[in-house]
Amino acid sequence: MAEIGQNIDEAIRVLKNGELVGIPTETVYGLAGNALDPEVVLKIFEVKKRPAFDPLIVHIGNHKALDELILKIPVKAVKLASVFWPGPLTLILPKQKIIPDVVTSGLPTVAIRMPDHPLTLSLLNSLPFPLAAPSANPFGYVSPTTAQHVADQLGQKISYILDGGECDIGIESTIIGFEGEDPVIYRLGGKSVEEIEDTVGKIRAIQTSSSRPAAPGMLLSHYAPGEKKVFLGQWEQYRKILERDETVLIRFRKPDPDFPPDRQAILSERGDLREAAKNLFTTLRRFDAPGITYIVAELMPEEGFGRAINDRLRRAATLE
Ligand code: TXA
Ligand code: MG
């Protein structure tokens, strides 16, 4: 069983030894290994049971580290990196040879970000290599937001988890790619579209696709809590098909007065979408429990973090 602790030296030792470590970030916990060693990167795919076509994000601890990893960088990418790093924004950029093809699933581009977490930044800046780290969950499951979540699911397969407390943001980074010089949103996440547009102007989002996604995180059936069926909307809509005592509700600010209060989770009583994002994955995990079959989730307002939350809910929702 993995040890959980705050010992950076131990994390360094394990990583230098070519093994994997669970790391905290401000978004979700990552399953990290030496991004420059193909054998180590393969272990990441194995542990997560992640299909080889789904490329990984490479994490760096300072701006200088970008130089040896990237070929050329669009002007707006420089701007975004300087404004939002460290932070919940991933940039897709043309890679140098030093990054093994297994990291990028053979793509000529690599996803890079500088996470905003003191322990992980100091870890990254103490290592002679960047860290490839997907979210530390089995492929297709909800991302972990505490060290214990990582231990619960991957604890048998890794030896150390660096405990940085509960993730501040609780939803994965926003991913931005480039078409020539133009930024394009690949995945909604911890940095809102509004904030990004304030920096680089109007930006286009690529369409979500279930067959040929530009980023496989765009796959529709992702972020699902185990075998539970997730429905979106108001529970009355599903009254006929759902057994009340196997059903729970996820609501934004207020409980539904016609439904038992002990089977409802409120994401943010004060109506704060940032707080709601932070509570989303923990709530989905909590409801992935015996005795619960159906989760009916209310959609958030389509603004700021609300968009990223709705994106995750739609992906978790049962496709019918
Ligand atoms: O917040 C986060 O981004 C977390 C923390 C640990 O940093 N990481 C994370 O990684 O969410 P992961 O592997 O669960 O999601 C990364 C997404 C995947 O959907 C992958 O397809 C996409 O990034 N991606 C990676 N490289 C790409 C590339 N070259 N082009 C397009 N998409 C890429
Ligand atoms: Mg993931």
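Quick notes on the rules
Once a new chain begins, its residue numbering starts again from 1 and follows that chain's sequence as written. In the order they appear in the text, chains get letters beginning with A and ligands get numbers beginning with 1. For a predicted model such as this one, the threshold for reporting local features is a pLDDT of at least 70, and the threshold for listing and counting side-chain atom pairs is 80 or more; totals across whole chains, interfaces and linings nevertheless cover every residue. As a rule here, side-chain values come from all non-hydrogen atoms in the structure, and water together with hydrogens is ignored. Put simply, DSSP H or I for four residues or longer makes a helix, DSSP E for two residues or longer makes a strand, and each gets a number counted from the N terminus. Here the radius of gyration uses the C-alpha set of atoms, whereas the globule reference equals 2.2 Å times the residue count to the power 0.38. Exposure classes here rest on a 1.4 Å probe applied to the protein chains alone. A residue is buried below 20% of its type maximum, exposed above 50%, and partly exposed in between. In this description, contact between two residues means that some pair of their heavy atoms is separated by no more than 4.5 Å. Only the protein chains shown count as cover for residues, with accessible areas throughout obtained via the Shrake-Rupley method and a probe of 1.4 Å. For two strands to pair, DSSP has to find at least two bridges joining them. Angles here are taken between N-to-C directions and fall from 0 to 180 degrees, while the axes themselves are lines fitted to C-alpha atoms, restricted in helices to the stretch in contact. Identification of polar contacts relies on pairs of N or O atoms within 3.5 Å, with a donor-acceptor requirement for protein atoms, meaning one able to donate a hydrogen and the other able to accept it, and with residues adjacent in sequence counted only if both atoms are side-chain atoms. Helices are assigned an expected span. That span is 1.5 Å times one less than the residue count. As used here, the term nonpolar core means buried Ala, Val, Leu, Ile, Met, Phe, Trp, Tyr and Cys residues forming a set that is joined through side-chain atoms within 4.5 Å.

Asks: Any chance you could explain the overall build of the chain here in plain terms?
Replies: In terms of regular secondary structure, the chain is built from 9 helices and 15 strands. At 19 Å, the chain has a C-alpha radius of gyration in line with the 20 Å of a compact globule built from 320 residues. Expressed as lengths along the three principal axes of its C-alpha atoms, the size of the chain is roughly 60 × 45 × 35 Å. Within the chain, the fraction of its 320 residues that count as buried is 57%. Across the chain, the fraction of contacts at a sequence separation of at least 24, relative to all contacts at a separation of at least 6, is 66%. When the accessible surface of the chain is totalled, it reaches about 13,900 Å², and 51% of it is carbon and sulfur.

Asks: Honestly, the sheet that holds strand S4 (residues 57-59) in this entry has me stumped. Any pointers?
Replies: Whether parallel or antiparallel, the strands of a sheet pair through hydrogen bonds between backbone atoms. Ordered by their spatial adjacency, 11 strands build an open sheet running S1-S8-S2-S3-S7-S4-S6-S5-S9-S10-S11, and the pairing between neighbours is mixed. Of all strands in the sheet, those with a lone pairing partner are strand S1 (3-5) and strand S11 (204-205), marking the two edges. Looking at chain direction, strand S5 (residues 89-94) and strand S6 (residues 109-113) are connected through 4 bridges and run antiparallel. The residue bridging Leu-93 from the neighbouring strand is Val-110, located in S6. Those strands touched by helix H2 (residues 38-48) are strand S3 (30-34) and strand S7 (131-132), and its axis lies near 155° from that of S3.

Asks: When you look at the environment of Ala-81 in this model, what are you seeing that I'm missing?
Replies: For Ala-81, the position within the fold is in helix H3 (residues 75-84). As a C-alpha pair, Ala-81 and His-63 span 18 residues in sequence and 8.2 Å in three-dimensional space. Residues within four places of Ala-81 in sequence aside, it is in contact with His-63 and Leu-91.

Asks: Got a minute to help me understand the pairing of strand S15 (residues 294-297) in this structure?
Replies: The side chains of a regular strand alternate between the sheet's two faces. Of the two faces of S15, the one carrying Tyr-294 and Val-296 and the one carrying Ile-295 and Ala-297 are both buried. In this sheet, S15 lies alongside strand S12 (residues 229-232) in parallel orientation, the contact comprising 4 bridges. When the bridges of S15 are listed, Phe-231 appears paired with Val-296.

Asks: Which parts of the structure should I look at to understand the environment of Glu-302?
Replies: Structurally, the position occupied by Glu-302 is in the loop between S15 and helix H9 (305-316). Residue classification places Glu-302 among the partly exposed positions, given a relative accessible area of 44%. Beyond its immediate chain neighbours, meaning those up to four positions away, Glu-302 contacts Arg-307, Asn-310 and Arg-314. Within the structure, the side chain of Glu-302 is placed 2.9 Å from the side chain of Asn-310, a separation counted as a polar contact. Among the polar contacts made by the side chain of Glu-302, one reaches the side chain of Arg-314 at a distance of 2.9 Å.

Asks: Can you walk me through the sheet that holds S15 in this structure?
Replies: Taken together, the 4 strands give an open sheet; going across it, the order is S12-S15-S13-S14, and neighbouring strands pair in parallel fashion. Across the chains shown, the open sheet's two edge strands, defined by having one partner strand only, are S12 and strand S14 (264-266). Going from strand to strand, the sheet's axes swing by 20° on average, the running direction of each strand aside. Pairing between strand S13 (residues 247-251) and S14: 3 bridges, direction parallel. From the neighbouring strand, Leu-249 faces S14, where its bridge partner is Gln-264.

Asks: Could you clarify how one ought to interpret helix H8 (residues 273-286) in this entry?
Replies: For an α-helix, the turn length of 3.6 residues means that residues three or four places apart are oriented alike. Between the first and last C-alpha of H8 there are 20 Å, a value that for 14 residues agrees with the 20 Å anticipated at 1.5 Å per step. By the burial criterion, the buried members of H8 are Leu-273, Ala-276, Ala-277, Leu-280, Phe-281, Thr-283, Leu-284 and Arg-285. Among the residues of H8, the N-terminal cap falls to Asp-272, whose side-chain oxygen and the backbone nitrogen of Arg-274 are separated by 2.9 Å.

Asks: Got a minute to help me understand the nonpolar core in this structure?
Replies: It is characteristic of soluble globular proteins that their nonpolar side chains tend to be buried jointly. Ranked by size, the top nonpolar core spans 46 residues in total, and within it Leu-80, Trp-85, Leu-91 and Ile-176 carry the most contacts. Looking at which element gives the most residues to this core, the answer is H2, with 5 residues. Once residues within four sequence positions are removed from consideration, Leu-91 is found in contact with Ala-77, Leu-80, Ala-81, Trp-85, Val-110, Ala-111, Ile-112, Ile-176 and Phe-178. Listed in part, the 29 residues of the second largest apolar core include Val-28, Leu-273, Phe-287 and Met-300.

Purely spatial values, then, with no claim about function.
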